[in-house]
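An overview of the molecular structure
The chain contents come next:
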Amino acid sequence: MSMFANAVACLLCLVFAAFLWKIKGMFRITLVMFLIVMTSCLYTALVGNFGDPILENYPFRMVALALCVFTTGLRENRRRFMVLAQTFWLWVELVGNASLYQMGAEAPWIRLAAIAGIALGCSFMARISREIEFGLIVLWMAVWMFF
């Protein structure tokens, strides 16, 4: 996938998070999450090449990034859910990389280390201010774009 398509996917994840911030109620959030997964799959199908095994877990990576950004807007238990969202992203990357490694393709293992480092750092933070939230969003976008 090209760098431009990757950047558009990152912006799409930010839009998904903005929709999640505005919705109240478990049923509505579940419905929107389903639509986010379907939109991510559709975007990957339209932009990507199905012959490329790297795109196998791309829609789930998009959902994981949207969840990470969404957790910055939470009021209660923000750090706990932030670490949980990053752990989900780490799990998606780990399973995707293991699948790529089994197929004989080159897996980006550095992305796992970057996400694990950010999640570990978040788990030890005493207080997460708005400036730190912005920095985390920038870090997540950098991991998405450059690793």
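Preceding block: the structure.
Here's what I pulled together on the structure shown here. (Residues numbered from 1 in each chain as written. Predicted model: local features only at pLDDT ≥ 70, side-chain atom pairs only at ≥ 80, totals over all residues. Heavy atoms only, no water.)

On to the overall build of the chain, then. Helices and strands together make up the secondary structure of the chain, namely 6 helices and 0 strands. For the chain, the α and β elements follow one another from N to C terminus as α-α-α-α-α-α. Principal-axis analysis of the C-alpha atoms gives the chain an extent of 40 × 30 × 25 Å. Considering the chain as a whole, with its 147 residues, one finds that 39% of them fall into the buried category. Long-range contacts, defined here as pairs at least 24 residues apart, represent 69% of the contacts in the chain between residues at least 6 apart. For the chain, the accessible area works out to roughly 8,600 Å², and carbon and sulfur atoms hold 72% of it. For the chain, the distance from the average position of its 11 positive side-chain charges to the average position of its 7 negative side-chain charges is 14 Å. (Helix = DSSP H or I, 4+ residues; strand = E, 2+ residues; numbered from the N terminus. Buried < 20%, exposed > 50% of the residue type's maximum accessible area, 1.4 Å probe, protein only. Contact = heavy atoms within 4.5 Å. Areas by Shrake-Rupley, 256 points an atom, 1.4 Å probe, with all protein chains shown as cover. Lys, Arg positive; Asp, Glu negative; His and termini not counted. Charge placed at Lys NZ, Arg CZ, Asp CG, Glu CD.)

In total, this model carries 4 salt bridges according to the counting rule given. We note a salt bridge from E93 to R61, for which the minimum N-O separation is 2.6 Å. Linking E93 in helix 4 (residues 78-103) with R61 in helix 3 (residues 58-70), this pair joins segments that are 32 residues apart in sequence. Taken as a pair, E93 and R61 share a single burial class, namely buried. (Salt bridge = Lys/Arg side-chain N within 4 Å of Asp/Glu carboxyl O.)

This next bit is on the packing of aromatic side chains. Scanning the entire structure with this criterion turns up 3 aromatic pairs. Here Y58 and W144 contribute two aromatic rings whose centre-to-centre distance is 5.3 Å and whose plane-to-plane angle is 50 degrees, an arrangement assigned as tilted. Of this pair, Y58 sits in helix 3 while W144 is found in helix 6 (residues 130-146), placing the two residues 86 residues apart along the sequence. Per residue, the accessibility class of Y58 equals that of W144, and both read buried. (Phe/Tyr/Trp six-rings, centres within 6.5 Å; stacked < 30°, edge-to-face > 60°.)

Here we take up the nonpolar core. Counting residues in each nonpolar core, the largest one holds 36 residues, and the members touching the most others are I36, M62, L65, W89, W140 and W144. Residue assignment for this core shows that the elements contributing at least two residues are helix 1 (3-22), helix 2 (26-47), helix 3, helix 4, helix 5 (109-123) and helix 6. Sort the elements by how many residues they give to this core and helix 3 lands first, with 9 residues. If we ignore the near neighbours within four places in the chain, the residues touching M62 are A9, L12, C13, F16, S40, Y43, T44 and W144. (Core = buried A, V, L, I, M, F, W, Y, C linked by side-chain atoms within 4.5 Å.)

Remember that the coordinates give geometry; whether it matters functionally is a separate question.
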